[in-house]
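A structural walkthrough
Chain by chain, the residues:
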Amino acid sequence: MPSWAVRVAAALAITVATATLAWSTEGVGLYLHVLPFSVQADVSLHGASHLRLVLYAQDPTYLASTILGWDVGIVREDRLEVEIGRYPMRDVAPSQIHRAASFLVDFDEEPVVTVARQAAKDLGARPSREALTGFVADYITDKSLGRGNDVASQVARHRSGDCTEHAVLLAALARSFGLPSKVVHGTVIGVPSQSGAGAYGHAWTEIFDDGRWHLADAALRGPTPVFYIPSFEYVDEGPGYGIAHLERMIRGSISKIEVTGARRAVP
Amino acid sequence: MRGIVLLVTFGLLVGCSARTAPQRFADQLAVETGDLVSRPLESVEADFATRILGKLALPIEILEDGSGTSVVIDIGTPRSVECFFFADELDLAAALIDYSKLAFEEFSSQLGAIEKTQVSEVEAGAIDGAPMFSVEWIYTVGGGNGHLKHRVASVADRSVYCRHLETGYRKTFARLFEEIVRNLRYPSTPRRKPFYESVVRVLFSKRPVGVERTAFYEHDEGDVRLERSSHLLLPVDGQTLMASDIVDVQFSTREGMLINAVHVQSENGGLTANLALDPSDNGWKVYGMLQEKEFASEFTGSRIHSMLGDGKAVRQLVQKGEAGASIELGSWLPEVSPAAVTTGVVKMKGKRDDGHYNVDVSVGPLLVRTIVDDQGETVAGQTKFGQLEFEMVQIFQRGRF
């Protein structure tokens, strides 16, 4: 077996963003895996609530199937045209996997139990998802790409990581407080006010609360408008979770984004 | 006695000519010494002998913690080269990150806060079969630039690491390191001799990012001990490298079926997996530590191919010569699934003009296009992850399996 290929796959799977690689703090948080990104000359992103995009992808049909809740227009051989809002609303009820402790989201392990106790002390017995998101953002003090794709107990222990570590710890804490959660990977389009827009690979959390799923992003906070394009969520949280999702990671990967239109929501 | 600390003081090498600072720095980066004399170097106490280019600047010293020996070599530059001969094998990738951090911490304490560090060069390869890694940094402090070079290699279960904290002299430093590694011997330590060994270089976007050594040894009662060490230094961004070091040890039948195995993995020097695989009543049991947690599981499956078995099966496939023929191989690949047999499909695509064979290997979502020689050895390979392309090239091979 070509162990070298398995190894680079594992390294890619655990970092999501190993390569073309740049990241920027731009005042808002962690960005990974910078993508080629362009905006048509006559389009302004500022104040936009919806974007019309052309997404170039390895498997546009697969990508279209992951973007539930949005108006998917044309799927061609190498691209997908879609209009997106800030985040797609997906009406799928949570299942047991979104509630239970797993190898990856191991809120039953002592380091996470300790952090959950601290969260309860700081935020009360039933913290809101916003409060938990802020708690995780503050708890992870070393914002760096130095960790792999850690499980929640490692994040709790080391207080270090990038978007994947933020997403996993937040998912674990949410479940420990009885809120179903999942870890989602995809792409974000940020619109920083000064340096222009950019698109980046990213990971975040969804939390089920008040009868629906909500986006919760502990790594990327701030006033910058951000659009999210989910590619896949962890459905296998077992010990081979990294490579288990490599196929989804590859098939759902976007190679280039063009913004062809933008509109504001009607008040 | 001294620890692994810098022995010299630092200053930025920005001259006073009319040239601009970037031009002067570029000039300094290109500076080399003249020819250096090769001299023998030996430490009976530390049990090593080798050759160096240049001359000893200070007496050889044993490190305070007993982990190795420090040697300072004068190569005719303002600052000498420091080398450390370790008693054990280092995680090559993690060591370069750790020692880079250490150097920058020492810089900061002497020069003030480092304003910026930038990876300028990563090299991965082999010196006479010894896996080798090199990292060079450009750093900025006080508005000027400096240059830092590190090299590390493992020779027969021990590692040697050298650094040169001087701008330029890149080729000189590389030649010195090669001289040391190529001639390194441990006179009083019996050396295990593999009947087969190979080293491959892993490239990302045509740049070296990894090195993997495989060695097969005769063992008791006709069994075979198989070792593979993989080291990756992946660029996360211009200032950050991610280190992955993996060691696999397998015991195999001569026919290539797995008897038992150990898999140890670290990321950035932190242990992330330490797993053992043994036969059990119902198949196999795996136990140990994974992601800093205890891990134990059992799975069924009677026969698992070892690394040796993989190679033999591929050899049979290509020697049959049937384009389109394929075989399935069951292997233990803990990165894919620690508690299961992972099945890969190997497909012969056809013979090449150079006498080798095109062979595709599918492992789960991975498709690896390889070039295999008539002995079943993979001499090159390529795989893609979306837009990201990785390649492998065999750079050293000795013996046959």
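Residues numbered from 1 in each chain as written. Chains lettered and ligands numbered in written order. Predicted model: local features only at pLDDT ≥ 70, side-chain atom pairs only at ≥ 80, totals over all residues. Heavy atoms only, no water.

1. Structural notes on the overall build of chain A
Helix and strand counts for chain A stand at eight helices and 12 strands. Residues counted as buried form 62% of the 267 residues belonging to chain A. Looking at chain A as shown, the accessible area adds up to about 10100 Å², and 49% of this sits on carbon and sulfur atoms. (Helix = DSSP H or I, 4+ residues; strand = E, 2+ residues; numbered from the N terminus. Buried < 20%, exposed > 50% of the residue type's maximum accessible area, 1.4 Å probe, protein only. Areas by Shrake-Rupley, 256 points an atom, 1.4 Å probe, with all protein chains shown as cover.)

2. Topic: the overall build of chain B
Scanning chain B from N- to C-terminus turns up four helices and 24 strands. With the C-alpha coordinates aligned to their principal axes, the bounding extent of chain B is approximately 70 × 45 × 45 Å. Here chain B holds 401 residues, and the buried ones make up 55% of them. A separation of at least 24 residues holds for 49% of the contacts in chain B among residues at least 6 apart in sequence. For chain B, the accessible surface area stands at approximately 17100 Å², while carbon and sulfur atoms represent 48% of it. For chain B, the distance from the average site of its 42 positive side-chain charges to the average site of its 55 negative ones is 6 Å. (Contact = heavy atoms within 4.5 Å. Lys, Arg positive; Asp, Glu negative; His and termini not counted. Charge placed at Lys NZ, Arg CZ, Asp CG, Glu CD.)

3. Re the packing of aromatic side chains
Within this structure, the stated rule accounts for 23 aromatic pairs over all chains. Consider the rings of Phe104(B) and Tyr139(B), whose centres lie 5.9 Å apart with planes at 75°: the pair is edge-to-face. In this pair, Phe104(B) sits in helix H2 (residues 92-111) while Tyr139(B) sits in strand S8 (residues 130-141), placing the two residues 35 residues apart along the sequence. Neither residue differs from the other here; Phe104(B) and Tyr139(B) are each classed as buried. An aromatic cluster is defined as three or more aromatic residues linked by ring pairs; in this entry it consists of Phe103(A), Phe232(A), Tyr234(A), Tyr241(A) and Phe295(B). (Phe/Tyr/Trp six-rings, centres within 6.5 Å; stacked < 30°, edge-to-face > 60°.)

4. Points about the nonpolar core
Judged by nonpolar contacts, the single largest core of 87 residues is most densely connected at Leu173(A), Leu277(B), Trp332(B) and Phe390(B). The element contributing the most residues to this core is helix H6 (residues 163-176) of chain A, with nine residues. Apart from residues no more than four positions distant in its own chain, Leu277(B) is found in contact with Leu258(B), Asn260(B), Ala261(B), Trp284(B), Lys285(B), Val286(B), Phe299(B), Ile304(B) and Trp332(B). Grouped together as the second largest cluster of nonpolar side chains are 33 residues, Phe84(B), Leu90(B), Phe104(B) and Ala124(B) included. (Core = buried A, V, L, I, M, F, W, Y, C linked by side-chain atoms within 4.5 Å.)

5. A short note on the interface of chain B and chain A
In this complex, chain B contributes 46 residues to the contact, which on the side of chain A involves 45 residues. Area buried by chain B at its contact with chain A is led by Gln291(B), Glu292(B) and Lys293(B), which between them contribute 17% of it. Joining chain B to chain A, the criterion identifies two salt bridges. Here Asp106(A) ties to Lys293(B) by a salt bridge, and the two come within 2.9 Å at their closest N and O atoms. Seen at the junction of chain B and chain A, the total is seven residue pairs in polar contact (both at pLDDT 80 or more). The element best represented in the side of chain B that touches chain A is strand S13 (residues 224-237) of chain B, accounting for seven residues. Tallied by class, residues from the side of chain B that touches chain A come to 23 nonpolar, 13 polar and 10 charged. (Buried area = accessible area lost by both parts, 1.4 Å probe. Salt bridge = Lys/Arg side-chain N within 4 Å of Asp/Glu carboxyl O. Polar contact = N/O pair within 3.5 Å; in protein donor to acceptor, adjacent residues only side chain to side chain. Nonpolar A, V, L, I, M, F, W, Y, C, P; charged D, E, K, R; others polar.)

6. Considerations on a negative patch on the surface
Residue and element names in this part refer to chain B. Residues Asp88, Glu89, Asp91 and Asp98 make up a contiguous surface patch of negative charge. Inspection of the secondary structure assignment puts Asp91 in the loop between strand S6 (81-86) and H2. A relative accessible area of 33% means that Asp91 is categorised as partly exposed. (Patch = residues over 30% accessible without salt bridge, like charges linked within 9 Å, V, L, I, M, F, W, Y side chains within 5 Å.)

7. Regarding the state of the cysteines
Residue and element names in this part refer to chain B. In the structure shown here, the tally under the stated rule is one disulfide over all chains. There is a disulfide in this structure between Cys83 and Cys162, and the S-S distance comes to 2.0 Å. Where Cys83 bonds to Cys162 through sulfur, the torsion about that S-S bond is close to 110°, and the disulfide is right-handed. Of this pair, Cys83 sits in strand S6 while Cys162 sits in strand S10 (residues 158-164); the two residues are 79 residues apart in sequence, bridging distant segments of the chain. Assigned by exposure class, Cys83 and Cys162 land together as buried. (Disulfide = S-S within 2.5 Å.)

8. A word on the confidence of the model for chain B
All names here are of chain B. Looking at chain B as a whole, its pLDDT mean stands at 90, while 94% of the residues score no less than 70. Per-residue pLDDT, averaged within each element of chain B, yields its smallest value for helix H1 (residues 21-29) (84) and its largest for helix H3 (residues 170-183) (97). Here residues 5-17 is modelled with pLDDT under 50, and outside its nearest four sequence neighbours on either side it reaches 39 contacts, counting other chains as well. (pLDDT = per-residue confidence, 0-100.)

9. Re H2(B)
All names here are of chain B. Over its 20 residues, H2 runs 28 Å from end to end, which matches the ideal 28 Å to within 8%, given 1.5 Å per residue. All of the buried residues along H2 are Leu92, Ala93, Ala94, Ala95, Leu96, Ile97, Tyr99, Ser100, Ala103, Phe104, Glu106 and Phe107. After H2 finishes, the residue Gly112 shows a positive phi value of roughly 100°. (Expected span 1.5 Å × (residues − 1).)

10. Considering the pattern of salt bridges
Scanning the entire structure with this criterion turns up 34 salt bridges over all chains. For Asp209(A), the salt bridge goes to Arg129(A), with nearest N and O atoms at 3.0 Å. Here the residue Asp209(A) occupies a position in strand S9 (residues 198-209), and Arg129(A) occupies one in helix H4 (residues 129-139), the gap between them amounting to 80 residues. Arg129(A) carries the same exposure label as Asp209(A), and that label is buried. A salt bridge links Glu377(B) to Arg400(B), with the shortest nitrogen-to-oxygen separation between them at 2.7 Å. Of the two residues, Glu377(B) is situated in the loop between strand S22 (366-372) and strand S23 (378-385) and Arg400(B) in the segment after strand S24 (388-399); the sequence distance between them amounts to 23 residues. A relative accessible area of 3% means that Glu377(B) is categorised as buried. When salt bridges with common partners are traced through the structure, they connect Arg129(A), Glu130(A), Asp209(A) and Asp210(A) into a single cluster.

11. Observations concerning the domain arrangement of chain B
All names here are of chain B. In terms of domains, chain B is made up of domain 1 (21-183) and domain 2 (196-399). Once you take the C-alpha centre of each, domain 1 and domain 2 turn out to be 31 Å apart. Taken together, the contacts link 21 residues of domain 1 with 23 residues of domain 2. A buried area of about 1800 Å², summed over both sides, lies between domain 1 and domain 2, and 65% of it is on carbon and sulfur atoms. Applying the counting criterion to the domain 1 and domain 2 interface returns zero salt bridges. Inspection of the region where domain 1 meets domain 2 yields five residue pairs in polar contact (both at pLDDT 80 or more). (Domains from an automatic or database assignment.)

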